[in-house]
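An overview of the molecular structure
The primary structure of each chain is shown beneath.
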Amino acid sequence: MEPQQGRGAAGKGSAMEAQKGRGAAGRGSAAEAREARAEEEEVARVEEAATAAFELESAEGPSPFPPIAEYAFLSDCETNALVAASGNVEWLCSPRPDGPSVFAAMLDRAAGGFRLGPTGVLVPAGRRYLPGTLVLETTWRARGGWIVVRDAMCVGPWYHQQRRSGTHRRPPTDYEAEHILLRTVRCIIGSVELSLDCEPVFDYGRTEASWEYSGQGYGEAIAHGGEGDAQLRLVTDLRVGFEGRGAHARTTLHEGDRAFVALCWPRSQWSASEEYWAERTPPSTCDEAFERMERTGEFWRGWINQGEFPEHPWQSYLQRSALTLKGLTYAPTGALLAAATTSLPETPGGERNYDYRYTWIRDATFMLWGLYTLGFDREANDFFYFVADVWQGDEDLQIMYGVGGELELPERELVHLSGYEGARPVRVGNAAATQNQHDVWGAVLDSVYLHTKSRDYLPERVWPMLKRAVECAVANWNKPDQGIWEVRGPPRHFTSSKLMCWVACDRGARLAKLHGDRDLAASWRKAAEEIHADICEHGTDQRGVFVQHYGTTALDASVLLMPLLRFLPADDPRIRRTVLAIADELTVDELVLRYRVEETDDGFGGEEGTFTICSFWLVSALVEIGEVARGRQLCEKLLSYASPLQLYAEEIDPRSGRHLGNFPQAFTHLALVNAVMHVIRAEAGSDANRFTPRGVSVL
């Protein structure tokens with residue numbers, strides 16, 4: 001989820017404190033002391049190199065790192081990858097999206113990459129996704145001719161015929177990930193020298209690969225990492241040789257020639273057996289590779305064709321957002337990743353760098369609304385039941401979980417990586433999982449309500465969890481917390497947190513009535529009314545504008561959710577004043593800040609960019625209060641900031657238009673769907689509630 005500055009803020013100091021503790025504990029041993037000094041020297045060296053690189057880039061020339069917005073996103077719904085415009089795969093984790101990286105050049109130029117393209121040419125003539133797919137097509141012009149490269153992570157027919165999948169908890173579909181990154185090349189005119197350079201570095205850039213041939217010729221090879229690393233298998237019709245940690249090949253393609261490269265990995269280090277590879281054989285010929293590429297494209301086109309998209313010039317943005325959200329799901333469990341990456345900075349060269357490769361419960365309502373609105377009921381159901389799975393025990397509901405439902409996400413810093421453009425620390429894991437945030441119960445209740453109203457049925461298995469969530473909201477709504485932005489300052493009575501506690505009680509009362517428990521419905525309705533009155537009394541300033549927390553006049557973009565959650569009617573003067581105050585006073589060049597850092601003790605220094613999800617919230621809120629023309633104008637502006645491939649990161653620098661933060665960002669794309677649909681429906685003269693189950697919030 002993108003809007004969390006502090007997604008991980010709670011653990012900012014944890015890794016360094018642990019590191020200091022290890023150094024202190026080792027003082028009694030000379031060997032350990034030497035090791036500690038060596039580690040400190042390495043940290044200092046990396047910091048010095050990162051600082052020097054950042055200063056050099058700022059003063060003398062362009063950064064060696066591609067702009068975040070220029071990455072392409074690939075996925076097979078189990079693993080994902082980012083591909084730079086140069087043709088280099090600069091991010092890939094195996095065997096899960098939150099696992100250790102094998103390519104991480106986006107966080108350190110020495111941390112591994114996989115390039116396929118014309119020798120000596122790094123700027124393509126053009127890039128696009130094949131319409132309706134996550135298949136990337138790059139066209140290259142070299143001195144002697146033109147070639148076209150297509151990249152995809154293969155999806156094929158369900159292949160677990162002899163044994164069950166060890167990861168699936170949701171009902172299997174007809175398709176599943178093949179765990180193959182496939183790259184095909186076709187020379188369309190002239191002749192071009194093609195280069196293949198595959199240099200994996202396992203475990204976040206710690207362990208260089210060791211290669212060996214696995215077949216009779218030069219077209220198959222295995223890359224081994226350290227103990228516990230899942231091996232990689234390279235299959236190609238090129239002649240591969242090894243140099244150091246890399247597998248390399250060169251050949252000249254003439255008009256009509258084709259070539260392919262397939263990089264494969266198992267589900268875990270324990271599944272790389274002959275039986276496993278025989279069950280899911282990678283392509284062995286060029287014809288088979290091109291057929292697999294086309295089959296993957298057909299899968300994505302078939303999936304997107306199930307959706308319901310309005311006939312409108314903005315349709316492509318909705319479709320690309322839907323494909324991105326599908327790609328950010330982890331199909332075996334139904335989880336939704338907040339983003340595909342870790343530690344892409346929210347501030348250039350800054351420390352606001354967190355790991356977003358997990359699922360935030362806060363995303364639940366937005367995810368279900370977006371998917372139901374676009375007609376993707378199956379994915380919405382899968383995510384709903386993932387949420388039900390992670391909270392079926394007796395533990396308190398956490399704000400976030402691992403994609404497999406893991407409760408603990410220990411945070412640590414990777415001191416050996418320089419970070420994107422020198423932004424350090426690089427973090428993996430996320431200590432925000434332990435934070436206290438009161439909005440989580442409302443998110444769960446609204447998602448249950450959305451699910452129930454979409455089919456007039458309340459699953460019995462969720463009723464006990466629903467009751468616990470409402471009772472937690474009732475017991476805690478009048479206590480301070482860290483808020484939706486997970487600030488590291490003192491706990492406050494945040495207005496948005498109390499808003500979501502009201503949502504929990506309001507939706508709970510409706511569901512209790514549906515369940516036939518009138519006493520609980522009456523009790524929860526009374527609690528909702530009490531919270532509502534308290535927010536209206538204490539959550540506004542002298543102007544009647546809703547503020548960040550009780551006792552302040554500071555504005556906060558999170559209160560834009562009030563009209564969307566139906567806290568008050570959109571024509572209520574307080575709602576209108578609040579939306580317009582944020583639009584006029586909490587923006588930079590019309591783009592919305594979460595809050596002004598000089599007015600909020602968030603535990604950090606420095607500036608931050610505008611949060612794109614907040615800007616899309618403002619579009620929806622403006623439409624709600626009848627400012628349709630202003631909402632459309634802002635929506636057009638936001639769409640113009642999309643990456644060349646119509647993707648979004650977490651933030652936008654309003655001065656440069658540069659994307660900041662982890663990428664691509666699920667919450668931003670969810671908010672885009674909401675905002676675009678608001679504008680389209682308003683201009684068509686439609687009531688938004690006509691397009692959602694009766695009474696459902698329009699998040």
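Worth saying up front: this structure is predicted, and the values here are computed from it rather than measured.

1. A few points about the overall build of the protein
- In terms of regular secondary structure, the protein is built from 17 helices and 27 strands.
- Residue burial in the protein is summarised as follows: out of 699 residues, 63% are buried.
- Looking at the protein alone, contacts between residues at least 24 apart form 69% of all its contacts between residues at least 6 apart.

2. Let's talk about the environment of Pro425
- When you line up the elements, Pro425 lands in the loop between strand S21 (412-413) and strand S22 (427-428).
- Each C-alpha atom of the pair Pro425 and Arg352 lies 8.4 Å from the other, and the pair is 73 residues apart in sequence.
- Not counting residues within four places of it along the chain, the set of residues in contact with Pro425 comprises Ser343, Glu351, Asn353 and Glu413.

3. Section: the pattern of salt bridges
- Scanning all chains against the criterion turns up 37 salt bridges.
- Ionic pairing is found between Arg206 and Asp203, a salt bridge with its closest N-O pair at 3.3 Å.
- For Arg206, a relative accessible area of 42% gives the class partly exposed.
- Using a relative accessible area of 23% as the deciding quantity, one classes Asp203 as partly exposed.

4. Topic: the confidence of the model for the protein
- The predicted model of the protein averages 87 in pLDDT, with 85% of residues at 70 or higher.
- Low pLDDT, under 50, characterises residues 1-31; the stretch is placed with 96 contacts to residues that sit more than four places away or in other chains.
- Between residues 687-699, whose pLDDT stays under 50, and residues either more than four places distant or in other chains, the model counts 39 contacts.

5. A few points about helix H14 (residues 573-585)
- The terminal C-alpha atoms of H14, which comprises 13 residues, lie 17 Å apart, in line with the 18 Å expected from a rise of 1.5 Å per residue.
- Of the surrounding secondary structure, the elements contacted by the buried residues of H14 are helix H13 (561-564), strand S23 (587-588), strand S24 (591-592), helix H15 (612-624) and helix H16 (628-640).
- The distance from a side-chain oxygen at the start of H14 to the backbone nitrogen of Arg574 is 2.8 Å, and the residue carrying that oxygen is Asp572.

6. Quick look at unusual backbone geometry
- Here the bond from Ser94 into Pro95 is cis, since omega is 0°, no more than 30 degrees from zero.
- Inspection of the secondary structure puts Pro95 in the loop between strand S3 (88-93) and strand S4 (101-103).
- The amide bond that connects Arg424 to the next residue, Pro425, takes the cis arrangement and shows omega of 10°.
- One non-glycine residue, Tyr204, adopts positive backbone phi at about 55°.
- In this fold, Tyr204 is placed in helix H3 (residues 202-205).

7. With respect to the packing of helix H7 (residues 363-374) against helix H9 (residues 440-453)
- Where H7 meets H9, the axes come as close as 8 Å, and the angle between the chain directions of the two elements is 20°. Relative to H9, the element H7 lies roughly parallel. The handedness of the crossing between H7 and H9 is left-handed. In contact with Ala364, Thr365, Leu368, Trp369 and Tyr372 of H7, H9 contributes Ala443, Asp446, Ser447, Leu450 and His451.
- Along the lines of polarity and charge, the residues of the contact of H7 with H9 split into six nonpolar, three polar and one charged.

8. What to know about the pairing of strand S15 (residues 246-254)
- Bridge count for strand S9 (residues 175-199) against S15 is eight bridges, and the pairing is antiparallel. When the sheet's bridge partners are listed, Leu194 is paired in S15 with Thr251.
- Hairpin connection, strand S14 (residues 241-243) to S15: the antiparallel pair is bridged by two residues, and Gly244 has positive phi, about 60°.

9. Concerning the nonpolar core
- In terms of nonpolar packing, the biggest core is built from 197 residues, with Phe114, Leu466, Phe567, Trp617 and Leu639 touching the most fellow members.
- A total of 11 residues in this core trace back to one element, the largest contributor, which is helix H17 (residues 666-683).
- Not counting chain neighbours up to four residues away, the residues in contact with Leu466 comprise Leu445, Val448, Leu458, Leu511 and Trp524.
- Judged by nonpolar contacts, the second largest core, of 13 residues, contains Ala152, Leu182, Val235 and Cys286.

10. Side note on the sheet that holds strand S25 (residues 610-611)
- What the three strands build is an open sheet, ordered S25-S26-S27; its pairing is antiparallel. The sheet is open, and its two borders are formed by S25 and strand S27 (659-660), each paired with just one other strand.
- Here two bridges tie strand S26 (residues 651-652) to S27, and the two strands are oriented antiparallel to one another. Residue pairing in the sheet places Ile652 in a bridge with His659 of S27.

11. Digging into H9
- Compared with the 20 Å implied by 1.5 Å per residue over 14 residues, the 20 Å span of H9 between its first and last C-alpha is a close match.
- Burial analysis of H9 places 13 of its 14 residues in the buried class, which makes it a mostly covered element.

12. Overview of the packing of H14 against H15
- It is at 10 Å that the axes of H14 and H15 come closest, and there the two elements cross at 140°. In this view, H14 runs oblique relative to H15, as classed from their interaxial angle. When the axes of H14 and H15 are compared, the crossing they make is left-handed. Residue-level inspection shows Val579, Leu580 and Ala583 of H14 in contact with H15, the latter providing Leu618, Ala621 and Leu622.
- Split into classes, the residues belonging to the contact of H14 with H15 amount to six nonpolar, no polar and no charged.

13. Description of the environment of His248
- Tracing the backbone through its elements, the reader meets His248 in strand S15.
- We classify His248 as buried; its relative accessible area is 13%.
- Along the primary structure His248 and Asp197 are separated by 51 residues, whereas in three dimensions their C-alpha atoms are 4.7 Å apart.
- Discounting chain neighbours no more than four positions away, the residues touching His248 are Leu196, Asp197, Glu199, Arg239, Val240, Gly241 and Glu243.
- Within the local environment of His248, its side chain forms a polar contact with the side chain of Asp197, the two groups lying 2.7 Å apart.

14. As for the layout of surface pockets
- In this structure, the largest pocket spans a volume of roughly 450 Å³.
- Together, 25 residues line the largest pocket, and Thr173, Phe299, Lys326, Arg378 and Glu379 are the ones closest to its centre.
- Put simply, the parts of the chain that give the lining of the largest pocket at least two residues each are S9, helix H5 (286-304), strand S17 (329-330) and helix H8 (377-390).
- Partitioning the lining of the largest pocket into residue classes produces 10 nonpolar, six polar and nine charged.

15. Describing the environment of Gly87
- Within the secondary structure, Gly87 sits in the loop between strand S2 (80-83) and S3.
- Sequence spacing of Gly87 and Phe114 is 27 residues, and the spatial spacing of their C-alpha atoms is 8.0 Å.
- The contact partners of Gly87, leaving out residues within four places of it in the chain, are Phe114, Arg115, Leu116, Trp140 and Arg183.

16. Regarding the packing of aromatic side chains
- Applying the stated criterion across every chain, the model contains 21 aromatic pairs.
- Seen from their ring centres, Trp211 and Phe242 are 5.8 Å apart, and the 20° between their planes marks the pair as stacked. With Trp211 in strand S11 (residues 210-213) and Phe242 in strand S14, the pair connects residues that are 31 residues apart, well separated along the chain.
- For Phe242, a relative accessible area of 28% gives the class partly exposed.
- Ring geometry for Phe616 versus Tyr648: centroids 5.8 Å apart, planes at 80°, classification edge-to-face. Taken together, the positions of Phe616 in helix H15 and Tyr648 in the loop between H16 and S26 put the pair 32 residues apart, joining distant regions of the chain.

Calculation rules
All residue numbers refer to position in the chain's written sequence, counted from 1. Per-residue local features of the predicted model are confined to residues with pLDDT of at least 70, and side-chain atom pairs are confined, for both listing and counting, to 80 or more; whole-chain, interface and lining totals are unaffected and use all residues. Working from all heavy atoms in the structure, the side-chain values ignore hydrogens and water. Only DSSP runs of H or I with at least four residues qualify as helices, and only runs of E with at least two residues qualify as strands; both kinds are numbered from the N terminus onward. Partly exposed describes any residue whose relative accessible area lies between the buried limit of under 20% and the exposed limit of over 50%, with all areas from a 1.4 Å probe on protein chains only and scaled to the type maximum. We call two residues in contact whenever any of their non-hydrogen atoms come within 4.5 Å of each other. Think of a salt bridge as a Lys or Arg side-chain nitrogen and an Asp or Glu carboxyl oxygen that are within 4 Å of each other. A score from 0 to 100, pLDDT tells how confident the predictor is in each residue. What a helix is expected to span follows from its residue count: subtract one and scale by 1.5 Å. Here a polar contact means two N or O atoms within 3.5 Å. Within protein one must be a hydrogen donor candidate and the other an acceptor candidate, and residues neighboring in sequence count only if both atoms are side-chain atoms. Between N-to-C directions, angles span 0 to 180 degrees; the directions come from axes that are lines fitted to C-alpha atoms, helices contributing only their stretch in contact. Small angles under 35 degrees read as roughly parallel and large ones over 145 as roughly antiparallel, with 65 to 115 read as roughly perpendicular and the rest as oblique. With the far helix as reference, a near helix turned anticlockwise by less than a right angle produces a left-handed crossing, and one turned clockwise produces a right-handed crossing. Each residue receives one of three labels: charged for Asp, Glu, Lys and Arg, nonpolar for Ala, Val, Leu, Ile, Met, Phe, Trp, Tyr, Cys and Pro, and polar for the others, Gly being one of them. We treat two strands as partners when DSSP finds at least two bridges between them. Each nonpolar core is a collection of buried residues, namely Ala, Val, Leu, Ile, Met, Phe, Trp, Tyr and Cys, held together in the definition by side-chain atoms within 4.5 Å. Cavity means a closed set of points on a 1 Å grid over the protein atoms alone, one where a 1.4 Å probe fits but cannot get out, pocket means an open set with protein on both sides within 12 Å along at least 5 of 7 lines, and lining means a residue has an atom within 4 Å of a point. Grid points are joined across faces, edges and corners, and a volume is the space filled by probe spheres set on the points. Only the six-membered ring of Trp is used, alongside the rings of Phe and Tyr, when aromatic pairs are assigned; centres must lie within 6.5 Å, and planes under 30 degrees apart are stacked while those over 60 apart are edge-to-face, with the rest tilted.

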